[in-house]
Amino acid sequence: MNLFDAVNNRTSYRDGYTDKPVTREVLGKIMEAGLAAPSGCNKQTTSLIAVDDAAAVSQIKSLLASSMRAVDTAPAFICVLTERVIAYGDKCFAVQDYSAAIQNMLLAIVASGCESCWIEGYVTGDDNIGRQIADMLGVPAELDLVCVLPVGYAAMPVRRVAKKPFDARAKFV
Ligand SMILES: Cc1cc2nc3c(=O)[nH]c(=O)nc-3n(C[C@H](O)[C@H](O)[C@H](O)COP(=O)(O)O)c2cc1C
């Protein structure tokens, strides 16, 4: 799949996955894509944990307590961690860094024949599910778990959401 096909096929998939496991080779390539992303001042503030151990996957599902089918049926998750360090002056680019890493991974996931969904709003809410998952995974306190990506093979049709027309959001001058 070429890059533009991956960009155009990517969508937030929240439906069920098949039982097919995602191999560590595939998960590793997805994480490599994430780590290849740019970062402010090359601080590389993003780190990743792929979880495919059945017991740990099940614990993440319990902590997420989500009704999303993709969460319920995911054979693996990639957890995104950030270290909110200063890049220069008073500027911290950690959010931009992990966003770039996540987008690279979402494209790599689609290019691998899998589907995912950027789950951040839910993980970083008031009940601090991100910290609970981080503690379960033994993540040190200076790293925040900000996003969880379920990874698996779609069991249901993948439907893309409508985007505003090109002209409403982009132009040539
Ligand atoms: C920063 C960010 C946080 C998100 N958090 C969630 C989330 O917690 N749960 C969820 O179902 N989708 C989440 N999404 C996915 C968006 O809802 C989705 O990208 C948007 O509806 C557009 O759909 P598309 O990804 O299919 O283009 C998040 C996306 C971003 C960029």
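One can find the structure itself at the top, above this paragraph.
I will try to describe carefully the structure that is included in this document. (Residues numbered from 1 in each chain as written. Predicted model: local features only at pLDDT ≥ 70, side-chain atom pairs only at ≥ 80, totals over all residues. Heavy atoms only, no water.)

A few words on the environment of Val-7. With respect to the secondary-structure elements, Val-7 resides in helix H1 (residues 3–9). Taking relative accessible area as the criterion, Val-7 reaches 36% and is therefore assigned partly exposed. (Helix = DSSP H or I, 4+ residues; strand = E, 2+ residues; numbered from the N terminus. Buried < 20%, exposed > 50% of the residue type's maximum accessible area, 1.4 Å probe, protein only.)

Taken together, the buried positions of helix H6 (residues 129–137) are occupied by Ile-129, Gly-130, Ile-133 and Ala-134. Within H6, the buried residues cover an arc of 140° as seen down the axis, which keeps them to one side. Against helix H3 (54–64), strand E2 (76–82) and strand E3 (144–151) lie the buried residues of H6. Two residues or fewer past H6, Gly-138 is found with a positive phi of approximately 75°. (Arc of directions from axis to C-beta. Contact = heavy atoms within 4.5 Å.)

On to the packing of helix H2 (residues 24–35) against helix H5 (residues 94–111), then. The interhelical angle for the contact between H2 and H5, taken along N-to-C directions, is 145°, at an axis separation of 7 Å. Here H2 runs over H5; the crossing is right-handed. Counted together, Ile-30, Met-31, Ala-33 and Gly-34 of H2 and Ala-101, Asn-104, Met-105, Ala-108 and Ile-109 of H5 form the full contact between these two elements. Taken together, the residues of the contact of H2 with H5 break down into 7 nonpolar, 2 polar and no charged. (Axes fitted to C-alpha atoms, helices over the stretch in contact; angles between N-to-C directions. Left-handed = near helix turned anticlockwise from the far one by under 90°. Nonpolar A, V, L, I, M, F, W, Y, C, P; charged D, E, K, R; others polar.)

This brings us to the packing of H3 against H6. Remark: H3 packs on H6, axes separated minimally by 10 Å, with the N-to-C direction vectors making an angle of 160°. With respect to each other, H3 and H6 are oriented roughly antiparallel. Read as a crossing pair, H3 and H6 show a hand that is right-handed. Of the residues in H6, those in contact with Ala-56, Gln-59, Ile-60, Leu-63 and Leu-64 of H3 are Ile-129, Gln-132, Ile-133 and Met-136. Looking at the contact of H3 with H6 residue by residue, the classes come out as 7 nonpolar, 2 polar and no charged. (Parallel < 35°, antiparallel > 145°, perpendicular 65-115°, else oblique.)

Here we take up the site of the ligand. Surveying the vicinity of the ligand reveals 13 residues, the closest of which are Thr-11, Ser-12, Arg-14, Trp-118 and Lys-163. The separation between an oxygen atom of the ligand and a polar side-chain atom of Ser-12 is 2.6 Å. Side-chain polar atom of Lys-163 to an oxygen atom of the ligand: 2.6 Å apart, as the coordinates give it. In terms of residue class, the shell around the ligand is built from 6 nonpolar, 3 polar and 4 charged. (Near = heavy atom within 4 Å. Polar contact = N/O pair within 3.5 Å; in protein donor to acceptor, adjacent residues only side chain to side chain.)

Read these as geometric descriptors, not functional statements.
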